Structure formats: C-alpha cells, structure tokens
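Architecture at a glance
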Amino acid sequence: MSRLIVVSNRTPGKGPAAGGLAVALRKTLAERDGFWFGWSGRLVDRPDSEAVFEDIEGIKVGKIDLTRDDHHAYYAGFSNSILWPSFHLRLDLATIEGHWYEGYRRVNAQFAQALLPHIAPDDVIWVHDYHMIPLASELRHLGINNRIGFYLHIPFPTVDALYAIPHHNELMRDLSRYDLIGMQANRDVSAFTEFADHQSPSTLSGSPLKSVDFSRTEVAAFPIGSDPEAFARLAVSPAATKMVRRMERALGDQALVLGVDRLDYSKGLPQRVEAYEKLLANNASLRRQVHLLQVAPPSRDTIKEYQETSDTLDAMVGRLMGRFAEPDWQPVTYVKRAYGQPSLAGLYRLARVGLVTPLRDGMNLVAHEYVASQDPHDPGVLVLSRFAGAAEIFEDALLVNPFDTDETAEALRLALNMPIEERRHRWERLMAGAHDHSVDRWAESYLSRLAPTGQNGQPAPVRDVLYLDSVA
Ligand code: ADQ
C-alpha cells in the first residue's frame, strides 16, 4: 500500500486533547505508514529550510517554522480575515487586504519546498483546509506528479462571495491541480460546480481570463463525523459521570439546554441568546424550569471581528441576566473556556436539548458528539441549524433557520416538551446517521477514492471516476 502524507496548518499534539480528526488520521497513518506535516507553532527570524521530524505518540510528524510576518499574512490575514469570512458568506466581516495573498503563497511555497525531499514516487498526499489551497500547485511546480487530494473542512462559498476574494481565479486554478477535492456536503459540491460551469472574467483589465480546466479534478462530498462509539463510552465514563453529578446538584429540576462552540461569529451565538431570551419572554412557565449553559472558549482573538463577537455576546448575556435572573435563579451560565472530551461528553449526556445553531458551518462535530453521547432510554433533542453541513445527515433533528430567532425559540419549546417516545424515535435515527458517517468511514471513503488499492495492496487503476466536464 502506498504511504500517506497528511498536510495541515497545525499538526496533532501530545496528550488526550486530540480531536476526532487527529485520532482518525493517526489510525489511518498507523495502517498506511507515512507522516503528518505542518507548522511547528514556532515563529522565528530565519526559518530552517529543512523540516524537523519527531515521533508523537507513535506517528511521525514533520514540522517547519515560519517568520512572524509571513505567519501573520498567511494565518490571521489571508486565511482567517479573507477566506474564512468569505467562505462563510460574511463579506461584511472580511478585511480585504490583497497584499496578504503574497504571504499566503510564500508560506505554501515554503511548505512545498520543505516537503519535497520527503516525498516518494508512489506516496499519496492529503492536504487539509483553506490555509493550504495553493499547495498542490506549488508541489506540481516542483515536479511532483503523485496523487494529491484536498479536503475543505468549511463550506464552499456562493459564486458572488468567491468573486469578492482577491486572487480567486488563481485559487480556483490551484484547486484544479488536485486529483480529488472533498467537501463536507452536497450543497458545497453544487456551489463548486456552479462556479466551474459558469466562470466569468474576474478582472477589470479588459482581457478575459482563461477559464480554469477542472477536467482532471474529481469533486465529491465526504461528510466528516465523530467517533460515536468512543463518545458513547466516554459519556458513561467516571470523568463524565463526575461532571453529570456536579451539574445535577447545581441544576436541581431544571432542564439543561447546552451550547458548545468555539467563540466564532459563524456559530450564531448572539442569535442563539436572543432565541433563548424569546423563549423565556414568551413562556413564563418555563422560567426556573430551564437553564442555558453556553461553553465558548475564545478563538483567533487577535482578530478584531472575533473580539467584537465576544463583546456582543458579553452584552447580550448581561442583558438576559438583568431581564430574567432572580436572587435565587439564573437563566444562563456562560463559560469562556474549553473542556476536555470526558467533561463535554457528560454535559452532552445530561442536556435535554443540544442547541447547535451556526449561521453557516462546514459540518459541525458538536452535533455528532451530542447525538452519540445520549442515553438511549432517555435521549435529549438536537436543535440544529439548517445551514450546518450536519443538517444533510441529521434530518430527524429539529431543523431551524438560526437567523429566525422566533423559529428557534419555538423549536426550543417543542424540544423541552417533546414526549419520550418521540425523543427515542428521533434519536435512534440520528444515531444511525452518526454511525453511518463516523470519522473512520470518512477517512476510508476519501482515501479509497484518492488512492484506490487493488488486491495485494497494489495501487489499482483509477476507473469509474466522474470528472467535471472540461470548461476550458
Ligand atoms: P470548527 O469550526 O472548529 O471546525 P466543530 O466541528 O463545531 O468546529 O468542532 C470541532 C471540535 O471542537 C469538536 O470536536 C468539539 O468537541 C470541539 N469543541 C468545540 N467547542 C468546544 C469547547 N467549547 N470546548 C471544548 N471543545 C470544543 C471546522 C469546521 C466545522 C467542521 C470541522 C471538522 O468549521 O464545520 O465540522 O472543522 O471538519
């Protein structure tokens, strides 16, 4: 079997905090041999051109350092102030500073140069996420003809949002240098196909650009998931049970509504608090009967828009408290720190409602983890945004438009009042969906498309592969 090289901005660290993706890819790397490659987390004046390799809990990891300026332009700049907001259709929050593109390209070229000496002829290279779109172009430029795949963890934008991104045509050309592009959901494949089918000139220079040729690139949806068995086990582990007991003592008879997110404007947190406020305003009988716990550790907090979201949320939670709290009752607890998976699993299991309402999300693994952690005899209800990739998998959730806070408030009311039979019935189907889309299956299905192996572990000829029509 050919070796696998996984490339992503960050590499997995030591310790139990590793997420599902790291665990699944670790497993795949252990089976296939190969290594993980990414940024070391270090900023230096003059990075070494050679990557440093080390063994991290049984897998080989290669890392490079970056300069402070390049990292700023590549990470906080082009990746997270232009691509992230645009791909999430938040052009109002994008900071269009075209010069960041040079740093973004430089870092991708640096990755390619450092990776080059470690690539064997039949290695399969799997590149992850929007930070690394140009990597295949850079590798091809250096003469690499290996199979290279790309997986986009975030949604693919609509055509107009794409056109608002500086250098979008180069980025699309970069994508055409991959053999396989994996997306989270069918809606993303449709958005991509729409661009590929209806490309138009993108500059004011007067000379129409040549269309990008996607005829050698396969594009398909490979929805990511969690490890549902592991979460189901974790949810009854001693550490989770300790968290459940602690919370039960604090909650008494109140039903727990739980939100777990990174503090990011794509997660719809202000809208969620507003919906909860409406629930309490419209249903006086629920006061003292329900409690919202929102766990949201800050992320990317050097970026202005993230600080503003944090400030907005602080103000909204304060307003909610001022409006409804009593000396002996608080409607909400807002915790700005991350919890380990066992504690999260305990919280998921205890929560009567899992409130997952991003304005737009590639998948949303919290929805998968919530489902997997439920007690089969007394499961909670998932209230889920229809704009999360997870909505294509979890049709038995209560699907809401997160911008419509009346609708979300009503879904919360229904969830809190849902009879046990309906809760069980819905949960069984949700759990079947979580199993069908486990992270292990995701990695297997992606890699069997990127690098099909025949009998005896030999690479099989690629066949039955659907390519987009050539548009060149
Ligand atoms: P994220 O936007 O980071 O990831 P998400 O899928 O919701 O989002 O969560 C990823 C992981 O972070 C989950 O395993 C979750 O348990 C953990 N996590 C989230 N909030 C936490 C908290 N408060 N404390 C501790 N852990 C927390 C991107 C895309 C998503 C896509 C994933 C994977 O934006 O759409 O699902 O990649 O492809």
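Coordinates for the structure precede this section.
Residues numbered from 1 in each chain as written. Predicted model: local features only at pLDDT ≥ 70, side-chain atom pairs only at ≥ 80, totals over all residues. Heavy atoms only, no water.

Right, let's talk about the overall build of the protein chain for a bit. Secondary structure assignment for the protein chain yields 16 helices and 14 strands. Seen through its C-alpha atoms, the protein chain measures out along the principal axes to roughly 70 × 55 × 45 Å. Counting only residues that meet the buried cut, the protein chain has 56% of its 472 residues in that class. Restricting to contacts in the protein chain with at least 6 residues of sequence separation, those with at least 24 account for 78%. Accessible area for the protein chain stands at about 20200 Å²; split by element, carbon and sulfur atoms hold 50% of it. Averaged over its 50 positive side-chain charges, the protein chain has a centre that lies 3 Å from the centre of its 61 negative ones. (Helix = DSSP H or I, 4+ residues; strand = E, 2+ residues; numbered from the N terminus. Buried < 20%, exposed > 50% of the residue type's maximum accessible area, 1.4 Å probe, protein only. Contact = heavy atoms within 4.5 Å. Areas by Shrake-Rupley, 256 points an atom, 1.4 Å probe, with all protein chains shown as cover. Lys, Arg positive; Asp, Glu negative; His and termini not counted. Charge placed at Lys NZ, Arg CZ, Asp CG, Glu CD.)

A few words now on unusual backbone geometry. Positive phi outside glycine occurs at leucine 89, with the angle close to 60 degrees. Structurally, the position occupied by leucine 89 is in the loop between helix 2 (68-87) and helix 3 (100-115). Positioned with a positive phi, arginine 300 is a non-glycine residue whose angle comes to about 45 degrees. Counting through the fold element by element, arginine 300 comes out in the loop between strand 10 (290-295) and helix 11 (304-324).

Counting buried positions along strand 5 (residues 124-128) yields five of five residues, so the element is predominantly enclosed. Going residue by residue along strand 5, you find Val124, Trp126 and His128 tucked away on one face and Ile125 and Val127 tucked away on the opposite face as well. Pairing analysis gives four bridges linking strand 1 (residues 4-10) to strand 5, with the strands arranged parallel. Residue pairing for strand 5: leucine 4 is matched across the bridge by valine 124. In terms of strand pairing, strand 5 meets strand 6 (residues 148-151) through four bridges, oriented parallel. Within the sheet, the bridge partner assigned to isoleucine 125 lies in strand 6 and is isoleucine 148. This β-α-β element, strand 5 to helix 4 (residues 135-141) to strand 6, shows right-handed connectivity. (Pairing = 2+ DSSP bridges. Right-handed = clockwise from strand over helix to strand, strands pointing away.)

In the structure shown here, the tally under the stated rule is 23 aromatic pairs. A ring pair is formed by phenylalanine 192 and phenylalanine 214, whose centres lie 5.1 Å apart and whose planes are at 70 degrees; its orientation type is edge-to-face. On the criterion of sequence distance, the pair formed by phenylalanine 192 in helix 7 (residues 186-197) and phenylalanine 214 in the loop between helix 7 and strand 8 (218-221) is long-range, its members being 22 residues apart. Overall, the relative accessible area of 0% leaves phenylalanine 192 in the buried class. One aromatic cluster is present, built from ring pairs that chain together Trp126, Tyr151, Phe222, Trp442 and Tyr446. Directly above the ring of phenylalanine 53 sits lysine 60, whose terminal nitrogen or CZ lies 5.2 Å from the centroid. (Phe/Tyr/Trp six-rings, centres within 6.5 Å; stacked < 30°, edge-to-face > 60°. Lys NZ or Arg CZ within 6 Å of the ring centre and 35° of its normal.)

As a further point, take the site of the ligand. Around the ligand, 21 residues are found, and the nearest of them are His153, Asp361, Met363, Leu365 and Glu369. In the environment of the ligand, an oxygen atom lies 2.9 Å from a nitrogen or oxygen atom belonging to the side chain of arginine 262. The set of elements that each furnish at least two residues to the shell around the ligand consists of helix 12 (341-350) and helix 13 (365-372). Examining the composition of the shell around the ligand, we find that three residues originate from one element, helix 13, more than from any other. Partitioning the shell around the ligand into residue classes produces 12 nonpolar, four polar and five charged. Taken domain by domain, the shell around the ligand gets at least three of its residues from each of domain 1 (4-225 + 440-470) and domain 2 (228-436). (Near = heavy atom within 4 Å. Polar contact = N/O pair within 3.5 Å; in protein donor to acceptor, adjacent residues only side chain to side chain. Nonpolar A, V, L, I, M, F, W, Y, C, P; charged D, E, K, R; others polar. Domains from an automatic or database assignment.)

Geometric values such as these leave the question of function open.
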